[in-house]
Amino acid sequence: MLNFIKKIRGKLRLPDHLLEIRDELKRMDRTNRPEEQNLPLHEQHLLQTIRLKTEQLNVNNVTRTKAYLDFYNCWPDIHWAFLGHIVSRNGGWNMTDLRGEFLARLMTESSRTHFFSFLERGNWLIFQDAYPQFLLYEESVMRNRNLFYLLSYLNVSVFMEVIWNYFWKEHDPAILAIALIINEQSYLENRVVQNPVYKKKVFQTVEFVLQDFLSFNHILFPFAKEGEELRRASLRGLTLHHFGFLHERIQLGKELYQLLFQDPELFEKVYQWAITHPHTGSRKDYWPDVFNDLHERLPGHAFSRRLKLCRLRKGSPRIYSPKLEYAWQNVIHPEAELGDWFEHWHVIHYLLRENATINGKIVGDYCETLEKLELAAIAKNAIFP
């Protein structure tokens, strides 16, 4: 991240609205705020309500993903809520892949459990940080009063308090969305990516080094395309390389946001697909002609090639992709680690707009990944049937 910021600092003068945000970040001081027990009772009650509702919806990937979409349906100016919904769907698909037909053959049970723990913890952490912000915004609108000074009691970064204050005045959905991307990825950095346990049991494993091969890096946006068969969604999306680098994750998030919202026609198609296809965690959600959430291959049946250009060969059973509820049990998480990731205002350089067009063509890469996975599973089965 620092290299990126140093590279652009000398080349671009910050526009006035970012200078305003910079100055507010410099002025912001939370040290003199009262303890929560000294707040007015109605504010204490509001904070308790927000925490309870967040906890009730933060049960698993399916409940989180639905909550994001439900919130966006009520408050469509909060663009990140829909982006978060779609990215969370992908997180769920990655979770169930670990119990699906291919990775179940390619990874040990221990590796799959560690990978799930890594994915689930990140998904849980982001929701328990982002969703309280949404609820506080909703309450602010309902009361017609800026309540973002309460974010500090919800352990939300000072960076987001400044951004929400700016959004309250200027109502710029893009600035808010990109800021949330910066915030959530920075929030994960020390809690998950730099966590010694995950570094040892996930990032330093052969499977993680081969993540391109194992398809953990494709973020897919399914949508229905007029005239195409109803059983199969079209796909747009992007591919993440170097997950361990914060800068790469922020840049990908910005590109995903641009891809999803730069073209109103594409956005509407993705949105219509999302509201008509409830998230289950199974890849059957978008390609029911290729995936099924029930086993179709008979026990003892020879493991052979079924896929060609993302189509099943005639008469072949579909690929097993379970629903989340059958793949993994709900997890009781320890409380989120305290601490504010924000250290310096220079991070606002990520808020600069980028004008490059993102086409998001991903089907070819995704199909190639599926075929590689199938070939690897066949090879593994031949050696260790």
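Look up: the structure comes first, before these words.
The rules behind these values
- Position numbers for residues count from 1 along each chain, tracking the sequence in the order it is written.
- It should be noted that, the model being predicted, local features are given only for residues of pLDDT at least 70 and side-chain atom pairs only at 80 or more, the latter also being counted only at that level, while totals for whole chains, interfaces and linings use all residues.
- The basis for every side-chain value is the complete set of non-hydrogen atoms in the structure, without hydrogens or water.
- Any pair of Phe, Tyr and Trp rings, taking the six-membered ring for Trp, is counted once the centres come within 6.5 Å. Such a pair is stacked with planes under 30 degrees apart, edge-to-face with planes over 60 apart, and tilted for the rest.
- Helix and strand labels come from DSSP, where a helix needs a run of H or I of at least four residues and a strand needs a run of E of at least two; each type is numbered from the N terminus.
- Partly exposed describes any residue whose relative accessible area lies between the buried limit of under 20% and the exposed limit of over 50%, with all areas from a 1.4 Å probe on protein chains only and scaled to the type maximum.
- The criterion for a charge sitting over a ring is simple: Lys NZ or Arg CZ within 6 Å of the ring centre, and within 35 degrees of the ring normal.
- Each residue after the first adds 1.5 Å to the expected span of a helix.
- The definition of a polar contact used here is a pair of N or O atoms within 3.5 Å, where within protein one atom must be able to donate a hydrogen and the other to accept one, and adjacent residues in sequence count solely through side-chain atom pairs.
- Whether two residues are in contact is decided by their heavy atoms, any of which lying within 4.5 Å being enough.
- Axes here mean lines fitted to C-alpha atoms, for a helix over just the part in contact, with angles spanning 0 to 180 degrees between N-to-C directions.
- Our angle categories are set so that under 35 degrees counts as roughly parallel, over 145 as roughly antiparallel, 65 to 115 as roughly perpendicular, and the remainder as oblique.
- In this count, Pro and Cys sit with the nonpolar residues alongside Ala, Val, Leu, Ile, Met, Phe, Trp and Tyr, while Asp, Glu, Lys and Arg are called charged and the others, Gly among them, polar.
- Each nonpolar core is a collection of buried residues, namely Ala, Val, Leu, Ile, Met, Phe, Trp, Tyr and Cys, held together in the definition by side-chain atoms within 4.5 Å.
- Note that a disulfide, as used here, is simply two cysteine sulfur atoms within 2.5 Å.
- Two strands pair under a simple rule: DSSP has to find at least two bridges between them.

Per the stated rule, a full pass over the model turns up 30 aromatic pairs. Plain terms: the ring middles of Tyr-72 and Tyr-271 are 5.9 Å apart, the flat faces sit at 65° to each other, and that makes the pair edge-to-face. Separated by 199 residues along the polypeptide, Tyr-72 in helix α4 (residues 61-74) and Tyr-271 in helix α13 (residues 264-276) bring together distant segments of the chain. Between Phe-127 and Tyr-131, the ring centres sit 4.7 Å apart and the planes meet at 15°, which makes this aromatic pair stacked. Separated by four residues within a single helix, Phe-127 and Tyr-131 lie in helix α7 (residues 109-143), roughly one turn from each other. Accessibility expressed as a relative area gives 0% for Phe-127, which makes it buried. With a relative accessible area of 5%, Tyr-131 lands in the buried category. Through pairs of rings, three or more aromatic residues link up here, namely Tyr-68, Phe-71, Trp-80, Phe-127, Tyr-131 and Phe-134. When the ring centre of Trp-345 is taken as reference, the NZ or CZ atom of Arg-22 above it lies at 5.5 Å. Above the face of the Trp-328 ring, Arg-99 is positioned so that its terminal group lies 3.9 Å from the ring centre.

What follows concerns helix α12 (residues 246-261). The first and last C-alpha atoms of α12 sit 23 Å apart over 16 residues, in line with the 22 Å expected at 1.5 Å per residue. By the criterion of burial, α12 is predominantly enclosed, with 14 of the 16 residues buried.

All right, on to the side chain of His-218 then. If you trace the backbone, His-218 turns up in strand β1 (residues 218-223). The class of His-218 is buried, set by a relative accessible area of 6%. Polar contacts involving the side chain of His-218 include one to the side chain of Thr-239, which spans 3.1 Å. In terms of polar contacts, His-218 uses its side chain to reach the side chain of Thr-369, at 2.9 Å. Those residues in contact with His-218 that lie beyond four places of it in its chain are Asn-90, Leu-238, Thr-239, Ile-362, Asp-365, Tyr-366 and Thr-369.

Closest axis-to-axis distance for the helix α5 (residues 79-97)/α12 pair is 11 Å, and the angle between their directions is 105°. By the criterion of interaxial angle, the relationship of α5 to α12 is roughly perpendicular. Judged by residue contacts, His-79, Phe-82, Leu-83 and Val-87 of α5 engage Gly-253, Leu-256, Tyr-257, Leu-260 and Phe-261 from α12. When grouped by side-chain class, the residues that make up the contact of α5 with α12 number seven nonpolar, two polar and no charged.

Looking now at the nonpolar core. Among the nonpolar cores identified, the biggest contains 123 residues, and Phe-134 and Phe-159 are the most heavily contacted of them. Examining the composition of this core, we find that 14 residues originate from one element, α7, more than from any other. In this structure Phe-134 touches Tyr-68, Phe-71, Ile-78, Trp-80, Ala-81, Trp-164 and Leu-180, once residues within four positions along its chain are discounted.

With that out of the way, let us pick up the state of the cysteines. A full pass over the atoms with the stated rule returns one disulfide. A sulfur-sulfur distance of 2.0 Å marks the disulfide that ties Cys-310 to Cys-367. The sign of the S-S torsion, about -125°, decides the handedness of the disulfide formed by Cys-310 and Cys-367: left-handed. Remark: Cys-367 occurs in helix α15 (residues 363-383) and Cys-310 occurs in the loop between β4 (307-308) and β5 (311-312); sequence separation between them is 57 residues. For the residue pair Cys-310 and Cys-367, the accessibility class agrees, reading buried in each case.

Attention shifts here to the pairing of β1. The side chains of a regular strand alternate, first on one face of the sheet and then on the other. Burial analysis of β1 places six of its six residues in the buried class, which makes it a mostly covered element. Side chains His-218, Leu-220 and Pro-222 of β1 all project onto a buried face; the interleaved residues Ile-219, Phe-221 and Phe-223 project onto the opposite face, where all are buried too. Pairing analysis gives six bridges linking β1 to strand β2 (residues 234-239), with the strands arranged antiparallel. Each residue of the ladder has a partner; that of Phe-223, found in β2, is Ser-234.

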